[in-house]
Amino acid sequence: YEIVADNLVMPTSELPSHLSVHNYLLAKGSPYRASLHTHPIELVALTHSKKYMEKDVATKLLWSMIPETKAFCPRGLGMVPYMLPSSVELANATIAAIDDDYDVVMWEKHGVFAVDTDIMSAFDQVDVLNKAAQIYISARNMGFVPDGMTEGQMQELSDVFGLPK
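Predicted model only: the values in this text are computed from it and were never measured. Here, residues in each chain are numbered from 1, in the same order as that chain's written sequence. Thresholds applied to this predicted model are a pLDDT of at least 70 for local features of residues and 80 or more for the giving and counting of side-chain atom pairs; totals over whole chains, interfaces and linings are not thresholded and use all residues. Excluding hydrogens and water, the side-chain figures rest on all heavy atoms present in the structure.

Peer 1: Sorry if this is basic, but what is going on with the sheet that holds strand β1 (residues 34-38) here?
Peer 2: Through backbone hydrogen bonds, the strands of a sheet pair up, either in parallel or in antiparallel fashion. With mixed pairing, the four strands of this open sheet are ordered in space as β1-β4-β3-β2. Each of the sheet's edge strands pairs with one partner strand only, and the pair in question is β1 and β2 (77-80). Here the strands of the sheet are splayed against their neighbours by 20 degrees on average, with no regard to which way each runs. Paired strands, as defined in this entry, are two strands with at least two bridges between them according to DSSP. Per the convention used, a helix needs a DSSP run of H or I reaching at least four residues, while a strand needs a run of E reaching at least two, with both numbered from the N terminus. Bridge count for strand β3 (residues 104-107) against strand β4 (residues 111-116) is four bridges, and the pairing is antiparallel. The residue bridging Val105 from the neighbouring strand is Phe113, located in β4. Throughout, a contact is declared for two residues whenever any of their heavy atoms are within 4.5 Å. An axis is simply a line fitted to the C-alpha atoms; with a helix, the fit covers only the stretch in contact. Between two such axes, the angle follows the N-to-C directions and lies from 0 to 180 degrees. Relative to β4, helix α7 (residues 119-141) is tilted by about 140 degrees, and along the sheet it contacts β1, β2, β3 and β4.

Written out as structure tokens, the structure reads:
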């Protein structure tokens, strides 16, 4: 593995997840070579509600906030229930979510793990998802539930840009 940093740093405590996911992706011939783990506040906040931990609930909500979300993260957001940080179980659950066709996996009450062809692409997915969460939370803080894009608008976006449904 290679740690990209200006100064010498120790590997992350999430090394089991990083290495396990890399081994999995290499074994299946994936072009993905980068993994990113971080703790975006707004995305983590969503995981404190069981409603958003249900399959694809957060994905559909976040996609509907701004069109770029689905364009940058077309596979959505996989959800992994709370598991002990830096555990092999968390690594295995992350692989299962990636195998379920997600590139970004949310770890309940912890953080997010993303994979892509390069580190900036992985970062872009997390960044746009978190911006969508910020828009949703900002609207709620202003006292209203945002409408989001309609199903028709989402379908049009998918059709025009060749995105998965």
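Still more ground to cover, so stick around.
Peer 1: Could you clarify how one ought to interpret helix α1 (residues 15-27) in this entry?
Peer 2: Counting along an α-helix, one turn takes 3.6 residues, and residues three or four places apart therefore face a common direction. How far a helix is expected to stretch is found by multiplying one less than its residue total by 1.5 Å. Helix length check: α1, at 13 residues, gives a terminal C-alpha distance of 18 Å against a target of 18 Å (1.5 Å per residue), a fit within 8%. Note on classification: 1.4 Å probe, protein chains only; a residue is buried when its accessible area is under 20% of the maximum for its type, exposed when over 50%, partly exposed between these limits. Here α1 has its buried residues at Ser17, His18, Val21, Tyr24 and Leu25. Along the long axis of α1, the arc covered by the buried residues comes to 135 degrees, so they all point the same way. Those residues of α1 that are exposed and aimed more than 90 degrees away from the buried face are Asn23 and Ala27. On the buried face of α1, the contacting elements are β1, α6 (88-99), β3 and β4. In the stretch just after α1, Gly29 is the one whose phi turns positive, near 75 degrees. In this description, one arc is meant: the one made by directions from the helix axis to the C-beta atoms.

Peer 1: How do you make sense of the pairing of β2 when you look at a structure like this?
Peer 2: Burial along β2 is two-sided: the face carrying Leu77 and Met79 and the face carrying Gly78 and Val80 are both buried. Across four bridges, β2 lies against β3 in parallel orientation. Note that in β3 the partner of Gly78 across the bridge is Val105. Read from β2 through α6 to β3, the crossover connection turns out right-handed. Seen with the strands pointing away from the viewer, any crossover whose path from the first strand over the helix to the second strand runs clockwise is right-handed.

Peer 1: Would you mind showing me how to read a nonpolar patch on the surface here?
Peer 2: Patch construction takes residues with relative accessible area above 30% that form no salt bridge. Like charges are linked within 9 Å, and nonpolar side chains (Val, Leu, Ile, Met, Phe, Trp, Tyr) are linked within 5 Å. The Shrake-Rupley method, run with a 1.4 Å probe sphere, supplies the accessible areas, and residue values consider only the shown protein chains as cover. A carboxyl oxygen of Asp or Glu within 4 Å of a side-chain nitrogen of Lys or Arg is what we treat as a salt bridge. Taken together, the side chains of Ile119, Met120 and Phe123 present a nonpolar region at the surface, about 280 Å² in accessible area. Mapped onto the elements, Ile119 comes out in helix α7. Residue Ile119 is classed as partly exposed on the basis of its relative accessible area, which comes to 42%.

Peer 1: What exactly am I supposed to notice about the pattern of salt bridges here?
Peer 2: Charged atoms that come close allow side chains of opposite charge to pair. Applying the stated criterion across every chain, the model contains seven salt bridges. When the shortest N-O distance is used, the salt bridge between Asp56 and Lys55 registers 4.0 Å. Look at Lys55 and you get exposed, because its relative accessible area is 55%. For Arg75, the salt bridge is made with Asp101, and the minimal N-O distance between the two is 3.2 Å. Note that Arg75 is positioned in the loop between α5 (67-72) and β2 and Asp101 in the loop between α6 and β3, a separation of 26 residues in sequence. Taken together, the shared-partner salt bridges in this structure form one network comprising Lys50, Glu108 and Lys109.

The values are spatial; any link to function lies outside them.
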